[in-house]
Amino acid sequence: MDAFPAFFPLAGRTVAIVGDGEPAEAKARLFDGSPARLLRIEVERALDPASYENASLVFIAAGEAPFREAAARIARQAGAVVNVVDHPALSDFHTPALVDRGEVVAAVGTAGASPMLAALLRSDIEARVPPGAGRVAALFGAMRDELREKLPDLDARRAFLREALTGPAAEAAMAGEMLTARRLLGEALDGWAERASPKGRLRIIETGAAPDLLSLRAARALSQADVLIAGAGAEPATLALARREARRVSAQEADPETVAGFAARGLQIVWVGALDPALAEAVAANEVQVERLRPAPD
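The model shown is predicted, which means the values in this text are computed figures rather than measured ones.

Rules of the game
Residues numbered from 1 in each chain as written. Predicted model: local features only at pLDDT ≥ 70, side-chain atom pairs only at ≥ 80, totals over all residues. Heavy atoms only, no water. Helix = DSSP H or I, 4+ residues; strand = E, 2+ residues; numbered from the N terminus. Rg over C-alpha atoms; globule rule 2.2 N^0.38 Å. Buried < 20%, exposed > 50% of the residue type's maximum accessible area, 1.4 Å probe, protein only. Areas by Shrake-Rupley, 256 points an atom, 1.4 Å probe, with all protein chains shown as cover. Lys, Arg positive; Asp, Glu negative; His and termini not counted. Charge placed at Lys NZ, Arg CZ, Asp CG, Glu CD. Arc of directions from axis to C-beta. Contact = heavy atoms within 4.5 Å. Pairing = 2+ DSSP bridges. Axes fitted to C-alpha atoms, helices over the stretch in contact; angles between N-to-C directions. Phe/Tyr/Trp six-rings, centres within 6.5 Å; stacked < 30°, edge-to-face > 60°. Core = buried A, V, L, I, M, F, W, Y, C linked by side-chain atoms within 4.5 Å. Salt bridge = Lys/Arg side-chain N within 4 Å of Asp/Glu carboxyl O.

1. Here we look at the overall build of the chain
Thought 1: Secondary structure assignment for the chain yields twelve helices and eleven strands.
Thought 2: Relative to the 2.2 N^0.38 estimate, which gives 19 Å for 298 residues, the radius of gyration of the chain is 24 Å and therefore markedly larger than a compact globule would have.
Thought 3: In the chain, which comprises 298 residues, the proportion classed as buried is 38%.
Thought 4: Carbon and sulfur atoms form 53% of the exposed surface of the chain, whose accessible area is close to 16700 Å².
Thought 5: Considering the chain, the positive charge centre built from 34 side chains and the negative charge centre built from 41 side chains are found 2 Å apart.

2. So, helix H9 (residues 216–224)
Thought 1: Among the residues of H9, Ala218, Ala221 and Leu222 are the ones counted as buried. Buried residues in H9, looked at end-on, bunch into an arc of 100 degrees, giving them a common side. Set apart from the buried face of H9 by more than 90 degrees, the exposed residues are Leu216, Arg217 and Arg220.
Thought 2: Lining the buried residues of H9 we find strand S7 (201–205), strand S8 (227–230), helix H10 (236–239), strand S10 (268–272) and strand S11 (289–293).

3. Focus: the sheet that holds S7
Thought 1: Read from one edge to the other, the open sheet built from five strands follows the order S9-S8-S10-S7-S11, with strand pairing classed as parallel. The sheet terminates laterally at strand S9 (247–250) and S11, the two strands that pair on one side only. Recorded for the sheet is a direction-independent mean angle of 25 degrees between the axes of neighbouring strands.
Thought 2: Sheet topology note: the S7/S10 ladder contains five bridges and is parallel. The residue bridging arginine 203 from the neighbouring strand is valine 270, located in S10.
Thought 3: Where helix H12 (residues 277–285) meets the sheet, it contacts S7, S10 and S11, and its direction lies at approximately 140 degrees from that of S11.

4. Regarding the environment of alanine 111
Thought 1: Its location among the elements puts alanine 111 in the loop between strand S6 (104–108) and helix H3 (115–128).
Thought 2: Spatially, the C-alpha atom of alanine 111 lies 6.2 Å from that of histidine 94, the residues being 17 residues apart in sequence.
Thought 3: Not counting the four nearest positions on each side in its chain, alanine 111 is found in contact with Ala3 and His94.

5. Some remarks on the packing of aromatic side chains
Thought 1: Scanning the entire structure with this criterion turns up two aromatic pairs.
Thought 2: Ring centres of phenylalanine 59 and phenylalanine 93 lie 5.5 Å apart, and the angle between their planes is 85 degrees; on these two criteria the pair is classed as edge-to-face. Residue phenylalanine 59 is found in strand S3 (residues 55–60), and its partner phenylalanine 93 is found in the loop between strand S4 (81–84) and strand S5 (97–101); the two are separated by 34 residues along the sequence.
Thought 3: Counting every residue linked through ring pairs, the aromatic cluster contains Phe31, Phe59 and Phe93.

6. Observations concerning the side chain of serine 56
Thought 1: Tracing the backbone through its elements, the reader meets serine 56 in strand S3.
Thought 2: Taking the relative accessible area as the measure of exposure, serine 56 reaches 14% and is therefore buried.
Thought 3: If we ignore the near neighbours within four places in the chain, the residues touching serine 56 are Phe8, Arg13, Thr14, Ala80 and Val81.

7. Description of the sheet that holds strand S2 (residues 37–41)
Thought 1: In spatial order, the strands read S2-S1-S3-S4; together these four strands make up an open sheet with parallel pairing. For this open sheet the edge positions go to S2 and S4, each flanked by a neighbour on one side alone. Pairwise comparison of adjacent strand axes, ignoring direction, gives a mean angle of 20 degrees for this sheet.
Thought 2: Helix H2 (residues 65–77) rests against S3 and S4 of the sheet, and its axis sits at about 165 degrees to S4.

8. Let's talk about the nonpolar core
Thought 1: Judged by nonpolar contacts, the single largest core of 18 residues is most densely connected at Leu202, Val227, Ile229, Val259, Ile269, Trp271 and Leu275.
Thought 2: Non-local contacts of valine 259, meaning those with residues more than four positions away in its chain, are made with Leu202, Ile229, Ala254, Ile269 and Val283.

9. Let's talk about the pattern of salt bridges
Thought 1: Under the defined criterion, the tally for this structure stands at 14 salt bridges.
Thought 2: Put simply, glutamate 146 and lysine 150 hold a salt bridge, and the shortest N to O gap is 3.3 Å. Of this pair, glutamate 146 and lysine 150 both sit in helix H5 (residues 144–150), four residues apart, roughly one helical turn.
Thought 3: Owing to a relative accessible area of 34%, lysine 150 belongs among the partly exposed residues under this scheme.
Thought 4: Note that arginine 243 is salt-bridged to glutamate 245, the shortest N-O span being 3.8 Å.

10. Observations regarding the pairing of S10
Look at any regular strand and the pattern is simple: side chains alternate between the two faces of the sheet.
Thought 1: For S10, a buried count of five out of five residues is recorded, marking the element as mostly surrounded by other parts of the structure.
Thought 2: Summarising the sheet, S8 and S10 pair through four bridges and their orientation is parallel. Each bridged residue has a counterpart across the sheet, and for valine 227 the counterpart in S10 is isoleucine 269.

Put into structure tokens, the structure is as follows:
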């Protein structure tokens, strides 16, 4: 990874754009509907440090290379981070191709090497992210404090969210019925807090397949894993697809009682690589649901 992607909060921030014309307008359109204050700076004022007062982000979209370099230096000295359009080497950050769904934003970047490739990949992602995804995120964000209060245990809260994100409340939010969604989510939360946590399960991703041949179910299991266990022959590239927050447990530590203990807490366990059939049977004997996820057809 040559550049680290990060999301920059815009509420209460000032974004400055130097210049006019299409490059500057394209940058300005990025912030349509955002809570940021947009400041347009004319070329004549771009070398005045006072022009960048309180600016957090600055886009320089005018002038020849020496002018852009000087303007970038002055904006930086004023405390801003700077993007110089079409000059990656002069920039503190690169502008990614964005999929904007309100509360949900997906970004594709190439560290300035190929903006056209980023735009093409953005189109593929955009087709897969429904317009209502931002409303679903807003629904859960509005109830964040209530969720933490009623489900203080992180694992229990994660188990609830995993189920709720595919439940009727999320469906109502996706359709724009936010009052109904809020009511349904509140009812689901009250009901969840009153009943016992559901048991987790053990999913086994078998060896012998390249990471690009993982089935969709296997890829989803990795993305939702609470516990990741690397067995014999586990491909590093496959392990890398798991949630970064998933706790890593060695195969030697993963005896039947330990795995059953994770499942009893509602955790989703993914074992990658070879698993002794006797161990799988012992885990199942502890009333843990075991699922084998085989490779997709080549």
